[in-house]
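Structural overview for review
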Amino acid sequence: MKWLKDDSYGLPVLLAVGLHAVILVAGVVAVDFSDDEKQQPKRPVIVNATVIDISDTIIGKREAEERAAKQQAANAAAKRKQEAEQKRKKEAEQKALEAREKQLAQAKRVKEREAAEAAARKEKERQQVAEQKRLEQENEKKRLAQEKEREKQRLEKQAEEERKRKEQELIRQAEAERLADEERKRQAEAARLAEEKKQAEEAAAQAAAAEQERLRAAEEAQMVQSISSLINSRITSVWNRPPNARNGMKTQLRIYFLPNGEVRDTQVTKGSGDALFDQRAVDAVYKVGRIEELADVDSYTFERNFRQIDLIFNPQDLRN
């Protein structure tokens, strides 16, 4: 029934109507309609009314629950607001502390950098002063050494002049004939010495030329041997070993080069007895194609030694 629902006013209304009905019935029963008895003075009707606390009703309880829920929600919201405010204050304080620490660290770095720069400037100034002092000392030493050297030269010149003066005095005192005779002997000796010197210089020049030629020939021979070994090594590195190659097999090749080191032609001047072995050696020469080191050899040495070379191709890693 709709009246009995929790959100309906039917039940309170029904209880109120019932209470009033009970009061009316009690009033009727209390009235005496008989004339025999002496009519007693009327007494006031005593009504036993029951006070109903609205908070004990369903509506009151629901309103109380709603108020409690609202109060709890308000308390929770206030608590969350307070916690958020505390968190915000704490974060602001933390940020302020971090900013302060950052400022202090930056100030410390600036102070340290300024101190380092000041120390560097001071050290630089000290070094400059020390360098200036060192230069002044060196200049003073040089000046004293120069003065000493000038004084030495002056004394030597003075001694030389005194010696020459004495020699000239002795010469003036000598007889004219002896002087003439000595002059002739001197001139003869000078001529002889000049001739000996000329002969010695010519012999030395010839010996130097011979030594230079020997050294050049030795260097040329060493270079020829080195480049020949290099050519042999490069040919061996690209050589395609035939299956029937055996230890002791060798081929004599004649290789013609251009001045830039390129291979112009290759011939077998003495075969190994195996045509495939010989052909593989020729193929390896063409595969090398160019010896760059020959481009750096002077034309005279190239024409004498590398325009054509005879090479014995004899690999040492063949099977027995």
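To keep things clear, this report deals only with the structure shown in the data block. (Residues numbered from 1 in each chain as written. Predicted model: local features only at pLDDT ≥ 70, side-chain atom pairs only at ≥ 80, totals over all residues. Heavy atoms only, no water.)

With 14 residues, helix α4 (residues 275-288) should cover 20 Å at 1.5 Å per step; its first-to-last C-alpha distance of 20 Å lies within 8% of that length. All buried positions along α4 are accounted for by Phe277, Asp278, Ala281, Val282, Ala284, Val285 and Val288. Along the long axis of α4, the arc covered by the buried residues comes to 155°, so they all point the same way. With respect to the buried face of α4, the exposed residues turned more than 90 degrees away are Ala275 and Lys287. At the N-terminal end of α4, a side-chain oxygen is found 3.1 Å from the backbone nitrogen of Leu276, two or three residues along, and the residue is Asp274. Positive phi appears at Gly289, one or two residues downstream of α4, with a value of about 80°. (Helix = DSSP H or I, 4+ residues; strand = E, 2+ residues; numbered from the N terminus. Expected span 1.5 Å × (residues − 1). Buried < 20%, exposed > 50% of the residue type's maximum accessible area, 1.4 Å probe, protein only. Arc of directions from axis to C-beta. Polar contact = N/O pair within 3.5 Å; in protein donor to acceptor, adjacent residues only side chain to side chain.)

A sheet is described by the order of its strands in space; here 3 strands give the open sequence β2-β1-β3, paired in antiparallel fashion. Strands at the two margins of the open sheet, each flanked by one partner only, are β2 (263-270) and β3 (308-313). Neighbour-to-neighbour, the strand axes of the sheet open up by a mean angle of 25°, direction not taken into account. Of the pairings in the sheet, the one linking strand β1 (residues 251-257) to β2 comprises 6 bridges and is antiparallel in character. Of the residues in β2, the one forming a bridge with Leu253 is Val268. (Pairing = 2+ DSSP bridges. Axes fitted to C-alpha atoms, helices over the stretch in contact; angles between N-to-C directions.)

A word on the packing of helix α3 (residues 176-238) against α4. α4 packs onto α3 with a crossing angle of 105° between their chain directions and a minimal axis gap of 8 Å. Between α3 and α4, the angle is such that the two are roughly perpendicular. Side by side, α3 and α4 meet where Arg234, Ile235 and Val238 of the first sit next to Ala281, Ala284, Val285, Lys287 and Val288 of the second. Looking at the contact of α3 with α4 residue by residue, the class counts come to 6 nonpolar, no polar and 2 charged. (Parallel < 35°, antiparallel > 145°, perpendicular 65-115°, else oblique. Contact = heavy atoms within 4.5 Å. Nonpolar A, V, L, I, M, F, W, Y, C, P; charged D, E, K, R; others polar.)

Looking at the element boundaries, Thr251 is found in strand β1. Here the side chain of Thr251 touches Asp278 through a polar contact of 2.6 Å, side chain to side chain.

The next point concerns the pattern of salt bridges. Throughout the structure, instances matching the rule amount to 20 salt bridges. Its salt-bridge partner being Glu85, residue Arg88 comes within 2.3 Å of it at the nearest N-O pair. Here Glu85 and Arg88 lie together in helix α2 (residues 58-173), a separation of 3 residues that amounts to about one turn. Of the residues examined, Arg88 reaches a relative accessible area of 46% and is grouped as partly exposed. For Glu160, the salt bridge identified is with Arg163, shortest N-O distance 2.3 Å. Here Arg163 and Glu160 lie together in helix α2, a separation of 3 residues that amounts to about one turn. Its relative accessible area of 31% is what places Glu160 among the partly exposed residues. (Salt bridge = Lys/Arg side-chain N within 4 Å of Asp/Glu carboxyl O.)

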